[in-house]
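Descriptive structure summary
If you want the building blocks of each chain, they are given just below.
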Number of protein chains: 2
Amino acid sequence: MIKIVVDGFGGDGSPDIVVKGAIKATKELSDLHIVITGKEDVLLNLLKENGYDPNRFTIVDAPEVVEVNAPPTVEFKKKPDSSMVRAFDILRKEEDVAGLVSAGSSGAVLTGGIFKLGRISGVSRPAFAPIFPTMGGKMVVLCDSGANAECKPINIAHFAVMASQYFKAISKEENPRVGLLNIGAEEEKGNTQYKEFHEYLKKVKDINFIGNIEGFDIMADKCEVVVCDGFAGNIALKSAEGAIKFMNTMLKKEIKASFWAKIGAVTFMKGALTSLKKNLKKYVDKGAVLLGCKKLLVKAHGNSNENVFCDVILQTAELASAGLCEKIAKEFETYEFPETE
Amino acid sequence: MIKIVVDGFGGDGSPDIVVKGAIKATKELSDLHIVITGKEDVLLNLLKENGYDPNRFTIVDAPEVVEVNAPPTVEFKKKPDSSMVRAFDILRKEEDVAGLVSAGSSGAVLTGGIFKLGRISGVSRPAFAPIFPTMGGKMVVLCDSGANAECKPINIAHFAVMASQYFKAISKEENPRVGLLNIGAEEEKGNTQYKEFHEYLKKVKDINFIGNIEGFDIMADKCEVVVCDGFAGNIALKSAEGAIKFMNTMLKKEIKASFWAKIGAVTFMKGALTSLKKNLKKYVDKGAVLLGCKKLLVKAHGNSNENVFCDVILQTAELASAGLCEKIAKEFETYEFPETE
């Protein structure tokens with residue numbers, strides 16, 4: 001059995017979407033058990049309304065809700081009975097709960113990960129690792145996408161080791177290539193900090209470091225793992241997201257405006273466009289895993305619908321079965337990182 | 001008459017593309033005179049072959065070529081007779097030459113701008129300012145996109161003032177909104193440096209600072225000017241470029257693979273796709289202006305074709321006519337920037 005705890009009151013559509021997504025996940029995965037936190041009566045009613053199996057769910061009452069825009073460390077102290085904090089308590093205390101899913105704020109997931117759950121021994125900083133699709137039909141992991149706005153070389157090296165393990169767990173790739181996001185391919189490119197990152201990564205053993213990559217290389221199959229500090233990673237992730245949204249918007253406008261569209265050509269294109277959207281969503285809708293904590297933490301998009309939420313729960317269960325956290329812990333047990341000056 | 005100097009041996013397709021683009025530009029703009037630098041005999045032959053008007057061109061012999069991948073400061077010293085260095089000499093010495101266009105490396109244009117031509121009095125750092133299209137059918141200037149990998153608050157403030165002037169020169173917008181690229185909309189978001197940038201920008205008078213924006217806001221009509229250091233700007237620009245290329249590639253694949261495509265629907269879509277591409281190219285193909293030097297410096301894409309190169313020359317001529325450098329110089333004459341600690 002795989003047990004996952006779900007924050008019932010995180011995300012725009014919660015608790016409704018969360019409950020529906022969780023029920024869907026239990027139907028798709030027969031050995032999945034969900035612990036769901038939040039206002040007990042509301043959750044119970046919703047679960048009943050949507051035809052849940054009581055044997056597959058545990059409800060944990062948590063009457064409070066963590067505000068998305070408030071500082072998470074303050075919220076955590078102020079609201080020990082919130083759905084988010086209670087979910088972390090359960091994750092920490094109950095050995096058989098393998099992971100946590102929340103569509104709440106990234107900051108809150110990070111705060112819980114560090115202060116409630118704790119880091120894997122040896123990991124300096126947990127980091128978010130979203131997945132991008134690539135032009136060659138493969139995928140690439142970006143780490144860190146925003147957990148650490150400021151980083152030291154050792155942190156970047158840890159991201160590289162963790163994200164390589166992550167990529168191995170979700171693919172058949174045995175030796176994923178690691179690229180450092182930078183502003184030029186040549187070794188000497190970048191600011192002082194990125195030159196240090198580059199120098200340090202060259203010395204780290206057992207990662208397949210291929211050097212610097214640029215923004216336009218992320219989705220171009222140059223490497224399977226992209227590492228950077230959370231500031232640059234967040235800029236890259238969101239700029240790419242914005243450009244994809246721009247393209248979708250423009251394409252829709254052009255189709256609407258075109259002469260052919262007026263005589264019905266839109267129908268002809270629907271297949272291709274729907275397929276493209278579906279392919280994109282496979283990745284865009286995936287949760288961003290927070291690598292480096294003792295158990296699996298997966299942040300779902302705040303605006304996830306029930307299908308997406310279901311997928312993120314299944315993604316978490318899959319990573320739990322693959323033993324991702326155990327694999328990272330094992331790496332860090334024996335890993336010898338080069339000395340820093 | 002508007003006189004522009006063109007580096008005849010910069011860019012992938014040079015000198016052929018450069019000559020053809022320059023001739024095209026003289027045909028489109030009747031009061032344009034081109035000074036072109038490079039191997040005299042090669043250029044003269046090409047100009048003749050392509051039917052140039054000798055009254056509209058001056059050829060300046062420069063037998064050497066600056067290598068794209070070599071450090072520009074070294075190249076500038078080693079090759080005083082290169083097409084790039086000679087172009088800068090002419091721009092500096094001849095008063096009636098208003099601007100320079102090169103498809104050579106950004107680093108070389110920047111080196112020439114700082115060490116050969118010189119900065120406008122008061123400007124701490126010149127910066128690249130490419131243009132993006134927006135979802136609302138407008139445009140946005142990003143500054144800096146890569147000239148300065150490390151910045152202080154005063155530099156960012158200078159970018160804001162220069163890019164606002166630039167936006168005014170290319171639009172009817174009287175009071176362009178300035179956003180600081182960051183990893184969250186709230187004031188306290190970002191790393192130490194970006195918190196300082198934010199605090200400082202709040203104190204700068206006469207710019208329309210609206211606060212932080214995120215990567216996905218760049219093309220979303222939140223503001224007309226986006227400022228950031230050249231590291232973050234380069235990551236944002238190239239990640240967005242990569243995502244647009246990804247979308248184009250995927251769309252082509254989907255159309256090819258779709259059932260409807262097989263029965264000929266591709267023809268129906270051509271109009272919409274071509275129109276989208278054309279709209280995108282209007283911006284993507286534009287040169288990136290280096291703001292802050294005494295005369296206009298415009299970097300064309302290394303892989304520009306003759307039409308693009310022609311457009312970049314016309315863009316430069318237009319900015320010269322609009323008196324962009326003079327306007328920036330006037331701003332900096334009287335501008336009082338707040339004290340830094």
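Above this text sits the structure in question.
Read on for a plain summary of the structure. Nothing here was measured: the structure is a model prediction, and the numbers come from that model.

Time to look at the interface of chain B and chain A. At the junction of the two partners, chain B supplies 56 residues and chain A supplies 56 residues. The contact between chain B and chain A buries some 4,900 Å² in all, and 75% of this surface belongs to carbon and sulfur atoms. If you look at where chain B meets chain A, you find two salt bridges. The partner of Lys238 of chain B in a salt bridge is Glu214 of chain A, with the nearest N and O atoms 2.3 Å apart. Along the contact surface separating chain B from chain A lie eight residue pairs in polar contact (both at pLDDT 80 or more). Listing elements by their share of the side of chain B that touches chain A, those giving two or more residues are helix H7 (192-203), helix H8 (230-257) and helix H10 (265-284) of chain B. Counting residues per element, the side of chain B that touches chain A draws most heavily on H8 of chain B, which supplies 22 residues. Of the residues in the side of chain B that touches chain A, the class split is 30 nonpolar, 18 polar and eight charged.

Time to look at the relation of the copies chain B and chain A. Mapping chain B onto chain A calls for a screw motion: a turn of 180° about the axis and a shift of 0.0 Å along it, with 0.0 Å RMSD after fitting. The transformation just described matches what one would write down for a two-fold rotation axis. The position closest to the rotation axis in chain B is occupied by the C-alpha of Ala240 of chain B, lying 2.3 Å away.

Residues and elements named next belong to chain A. At a minimum axis separation of 7 Å, helix H1 (residues 16-28) and helix H11 (residues 306-321) run at an interaxial angle of 50°. Viewed along their axes, H1 and H11 adopt a mutual orientation that is oblique. The two elements H1 and H11 cross, and the hand of that crossing is right-handed. Residues Ile17, Val18, Lys20, Gly21, Ala22, Lys24, Ala25 and Glu28 of H1 pack against Glu306, Asn307, Phe309, Cys310, Ile313 and Leu314 of H11.

Residue and element names in this part refer to chain A. Where like charges cluster on the molecular surface, the negative patch consists of Glu40, Asp41, Asp61 and Asp81. Looking at the secondary structure, you find Asp81 in the loop between helix H3 (72-78) and helix H4 (83-93). Of the residues examined, Asp81 reaches a relative accessible area of 38% and is grouped as partly exposed.

Turning our eyes to something else, we now look at the packing of aromatic side chains. Scanning the model with the defined rule gives twelve aromatic pairs over all chains in all. Geometrically, the ring pair formed by Phe76 of chain A and Phe88 of chain A is tilted, given 6.1 Å between the ring centres and 55° between the ring planes. Of the two residues, Phe76 of chain A sits in helix H3 while Phe88 of chain A sits in helix H4, which places them twelve residues apart along the sequence. Look at Phe76 of chain A and you get buried, because its relative accessible area is 9%. Among the residues examined, Phe88 of chain A registers a relative accessible area of 0% and is labelled buried. Relative to Phe231 of chain B, the ring of Tyr194 of chain A has its centre 4.5 Å away and its plane inclined at 40°; by these criteria the two rings are tilted. Linking Tyr194 of chain A in helix H7 (residues 192-203) with Phe231 of chain B in helix H8, this pair reaches from one chain into another. Considered together, Tyr194 of chain A and Phe231 of chain B belong to a single accessibility category, that of buried residues. A connected cluster of aromatic rings, assembled from ring pairs, spans Tyr194 and Phe197 of chain A together with Phe231 of chain B.

Turning to the side chain of Lys295 of chain A, a few remarks are in order. Residues and elements named next belong to chain A. Considering the arrangement of structural elements, one finds Lys295 in the loop between strand E11 (288-291) and strand E12 (296-299). Within the buried core, Lys295 has no salt-bridge partner, and the shortest N-O distance to an opposite charge, that of Asp96, equals 6.7 Å. Among the polar contacts listed, one links the side chain of Lys295 to the backbone oxygen of Glu94, at a separation of 2.9 Å. When neighbours within four sequence positions are excluded, Lys295 is seen to be in contact with Leu91, Glu94, Glu95, Val97, Ala98, Leu117 and Cys325.

Moving on, we come to the nonpolar core. Judged by nonpolar contacts, the single largest core of 196 residues is most densely connected at Leu291 of chain A together with Ile36 and Leu291 of chain B. Once residues lying within four places of it in the same chain are set aside, the contact partners of Leu291 of chain A are Pro126, Ala127, Ala129, Cys143, Met162, Ala163, Tyr166, Leu324 and Ile328 of chain A.

Basis of the calculations
- Residues numbered from 1 in each chain as written.
- Chains lettered and ligands numbered in written order.
- Predicted model: local features only at pLDDT ≥ 70, side-chain atom pairs only at ≥ 80, totals over all residues.
- Heavy atoms only, no water.
- Contact = heavy atoms within 4.5 Å.
- Buried area = accessible area lost by both parts, 1.4 Å probe.
- Salt bridge = Lys/Arg side-chain N within 4 Å of Asp/Glu carboxyl O.
- Polar contact = N/O pair within 3.5 Å; in protein donor to acceptor, adjacent residues only side chain to side chain.
- Helix = DSSP H or I, 4+ residues; strand = E, 2+ residues; numbered from the N terminus.
- Nonpolar A, V, L, I, M, F, W, Y, C, P; charged D, E, K, R; others polar.
- Least-squares fit on C-alpha atoms with pLDDT ≥ 70 in both.
- Axes fitted to C-alpha atoms, helices over the stretch in contact; angles between N-to-C directions.
- Parallel < 35°, antiparallel > 145°, perpendicular 65-115°, else oblique.
- Left-handed = near helix turned anticlockwise from the far one by under 90°.
- Patch = residues over 30% accessible without salt bridge, like charges linked within 9 Å, V, L, I, M, F, W, Y side chains within 5 Å.
- Areas by Shrake-Rupley, 256 points an atom, 1.4 Å probe, with all protein chains shown as cover.
- Lys, Arg positive; Asp, Glu negative; His and termini not counted.
- Charge placed at Lys NZ, Arg CZ, Asp CG, Glu CD.
- Buried < 20%, exposed > 50% of the residue type's maximum accessible area, 1.4 Å probe, protein only.
- Phe/Tyr/Trp six-rings, centres within 6.5 Å; stacked < 30°, edge-to-face > 60°.
- Core = buried A, V, L, I, M, F, W, Y, C linked by side-chain atoms within 4.5 Å.

Limitation: the analysis is restricted to geometry and does not speak to function.
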